[in-house]
Amino acid sequence: MKTVACDGTLQDMNRAGLDMIEADSLEQVAGMSVLDIIAPSSRAAFSALHQRVVGGESGLLEFEVIGLKGGHRWLETHAVPLKDNDAHITGHLAVTRDVTLRRQTDAALADAMQRTEAANLAKSRFLATMSHEIRTPMNGILGMAQLLLMPELSEAERRECATTILGSGQTLLALLNDILDLSAVEAGKLNLAPVAIDPQQIIVETSALFAELARTKGLKMEAVWHGASGPRYRADPLRLRQMLSNLVSNAIKFTA
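Fair warning: this is a prediction, and the values are worked out from it, not measured in the lab.

**Looking at the pairing of strand β5 (residues 89-98)**
On a regular strand, each side chain points to the face opposite its neighbour's, so the side chains alternate between the two faces of the sheet.
Turning to step 1, where the next piece is worked out: Direction of pairing for strand β1 (residues 2-5) relative to β5: antiparallel, over a ladder of 4 bridges. Within β5, the position partnered with Thr3 by the bridge is Leu93.
Turning to step 2, where the next piece is worked out: Here strand β4 (residues 72-83) folds back onto β5 in antiparallel fashion, the turn holding 5 residues, of which Ala87 has a positive phi close to 70°.

**So, the sheet that holds strand β3 (residues 59-66)**
Turning to step 1, where the next piece is worked out: Spatial ordering of the open sheet is given by β2-β1-β5-β4-β3, a layout of 5 strands whose pairing is antiparallel. Both edges of this open sheet fall to β2 (10-13) and β3, since each of them pairs with a single strand only. Sheet twist, expressed as the average angle between the axes of neighbouring strands with direction ignored, equals 30°.
Turning to step 2, where the next piece is worked out: Across 9 bridges, the pairing between β4 and β5 is antiparallel. Along β5, the bridge assignment pairs His78 with Val95.
Turning to step 3, where the next piece is worked out: Lying on the sheet, helix α2 (residues 40-54) is in contact with β1, β3, β4 and β5; it crosses β3 at an angle near 145°.

**Here's the deal with the packing of helix α3 (residues 100-148) against helix α6 (residues 199-216)**
Turning to step 1, where the next piece is worked out: Closest axis-to-axis distance for the α3/α6 pair is 8 Å, and the angle between their directions is 70°. When the axis of α3 is compared with that of α6, the two are roughly perpendicular. Within the contact between the two elements, α3 uses Thr136, Gly140, Ile141, Gly143, Met144, Gln146 and Leu147 and α6 uses Ala208, Leu209, Phe210 and Glu212.
Turning to step 2, where the next piece is worked out: Residue composition of the contact of α3 with α6, grouped by class: 6 nonpolar, 4 polar and 1 charged.

**A look at unusual backbone geometry**
Glycine aside, residues mostly have negative phi angles, and peptide bonds mostly take the trans form.
Turning to step 1, where the next piece is worked out: In this structure, Glu22 is a non-glycine residue whose phi angle is positive, near 60°.
Turning to step 2, where the next piece is worked out: Structurally, the position occupied by Glu22 is in the loop between α1 (15-20) and α2.
Turning to step 3, where the next piece is worked out: In this model, Ala87 sits at a positive phi of 70°, which is unusual for a non-glycine residue.
Turning to step 4, where the next piece is worked out: With respect to the helices and strands, the residue Ala87 is situated in the loop between β4 and β5.

About the criteria used
Residues numbered from 1 in each chain as written. Predicted model: local features only at pLDDT ≥ 70, side-chain atom pairs only at ≥ 80, totals over all residues. Heavy atoms only, no water. Pairing = 2+ DSSP bridges. Helix = DSSP H or I, 4+ residues; strand = E, 2+ residues; numbered from the N terminus. Axes fitted to C-alpha atoms, helices over the stretch in contact; angles between N-to-C directions. Contact = heavy atoms within 4.5 Å. Parallel < 35°, antiparallel > 145°, perpendicular 65-115°, else oblique. Nonpolar A, V, L, I, M, F, W, Y, C, P; charged D, E, K, R; others polar.

Interpretation note: all reported values are geometric properties and have no functional meaning in isolation.
In structure tokens, the structure reads:
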């Protein structure tokens with residue numbers, strides 16, 4: 001409990017109130033402006049409350065204080081006008097309680113809820129993306145399998161189809177492993193695993209993977225590697241295949 005004069009200075013405060021603002025005695029704070037112990041973010045709201053109360057109304061407010069020893073607390077105060085024997089308002093009388101623990105609990109709950117919502121959103125986005133990623137190599141595998149059934153293929157062409165199917169199967173398996181990696185799902189991201197690769201080979205395999213799909217739509221597709229033949233590069237072959245496959249798949253899908 002405390003009393004505050006119309007000019008905003010502290011007049012009286014009980015022991016519980018002194019403890020809340022880390023004061024050793026009333027003499028230490030008597031005559032001090034209340035705003036000196038109010039956190040800057042709460043000063044405007046407290047000033048508005050004080051003006052309303054000394055104007056004859058009552059009010060309730062939660063505000064942050066900075067104790068004399070630097071500690072931060074959240075307080076809830078219920079203030080009413082303080083009058084003298086002639087019914088003149090001389091300040092306000094407030095009953096205050098410490099609500100720091102409740103505020104911390106509310107903040108922790110809000111943060112936990114926000115994290116949960118973010119994780120759920122990340123899962124939804126991740127799984128939506130993966131469903132598309134899975135269909136792309138799967139369509140390629142089916143196209144290669146159809147080519148393998150063609151009797152006029154040479155042995156070299158059959159080996160090439162089988163190699164492409166194997167590569168697409170490995171990509172599909174890696175995607176399934178990503179989906180089963182719950183930590184990646186919750187984080188909403190995938191980690192790169194760079195190794196030494198031949199980008200020309202990946203381009204050729206990706207082209208072969210979609211060649212039959214392009215042919216059935218009457219489209220011509222040409223794959224050209226403009227770099228030097230032979231050098232190796234560090235990259236994640238799975239992610240590179242995913243990227244190229246998505247580009248080619250969408251190009252075929254949206255080209256008349």
